Amino acid sequence: DYELLGRAHSDRSSTADRYLLAAYWVCALLTTNGTVGDLYPKNVGEVLFMLLLVCLSLTLFNYVVGEISAMVMQTDEKMLKLREEAGAVEKFLKSQALPAHLKLEIQR
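What counts, and at which threshold
Along each chain, residues carry numbers from 1 onward, in the same order as the chain's sequence is written. Local features in this predicted model are restricted to residues whose pLDDT is 70 or higher, and side-chain atom pairs enter the listing and the counts only when it is 80 or higher, whereas totals over whole chains, interfaces and linings include all residues. Side-chain measures were taken over the full set of non-hydrogen atoms in the model, leaving aside hydrogen atoms and water. Here a salt bridge means any side-chain nitrogen of Lys or Arg lying within 4 Å of a carboxyl oxygen belonging to Asp or Glu. Numbered from the N terminus, helices here are DSSP runs of H or I no shorter than four residues, and strands are runs of E no shorter than two. Each residue's exposure class comes from its accessible area (1.4 Å probe, protein chains only) as a fraction of the maximum for that residue type: buried when under 20%, exposed when over 50%, partly exposed otherwise. Only buried Ala, Val, Leu, Ile, Met, Phe, Trp, Tyr and Cys residues count toward a nonpolar core, and they belong to the same one when joined by side-chain atoms within 4.5 Å. What makes two residues a contact is simply this: any of their non-hydrogen atoms within 4.5 Å.

(A) Structural detail: the pattern of salt bridges. In this structure the tally under the stated criterion is one salt bridge. Close ionic contact of K94 with E90 constitutes a salt bridge, the shortest N to O distance being 3.7 Å. Here the residue K94 and the residue E90 both occupy positions in helix α2 (residues 44–95), the gap between them amounting to four residues, near one helical turn. By relative accessible area, K94 is classed as exposed at 65%.

Okay, structure coming up:
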């Protein structure tokens, strides 16, 4: 069994185990998925499974945030294009000698 997160490690633990626990500690801290009460990985398999789940959850989260960001950017691009077109229409109307009521009707 591992003793994690600041608890003393035995001299019997290998360097690979210590690096694995360090990776677990970093992931738990950065993702705020740290230990909850008495729930923490107790062997190499559980640590690896937890690291895999954290990586998958971060990947899914980043995908969702990226898709939302892309949707917002597309909306901004459409709005920018509409403003450019409205500006071009307004510039055209100013250059033409049209009655005011007709200019107003075209702008709508």
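(B) Structural detail: the environment of D17. Within the secondary structure, D17 sits in helix α1 (residues 15–30). In this structure D17 comes out as partly exposed when scored by relative accessible area, which is 23%. The spacing of D17 and V47 is 30 residues in sequence and 9.8 Å in space, taken between C-alpha atoms.

(C) Layout of the nonpolar core. Membership of the largest hydrophobic core is limited to nine residues, which are L20, L21, Y24, C27, A28, V47, M50, L51 and V54. Looking at this core, the elements that each hand over two or more residues are α1 and α2. Per element, the largest residue contribution to this core is five residues, and it comes from α1. Discounting residues that sit within four places of it in the chain, M50 has contacts with Y24 and C27.

In short, geometric facts, not functional conclusions.
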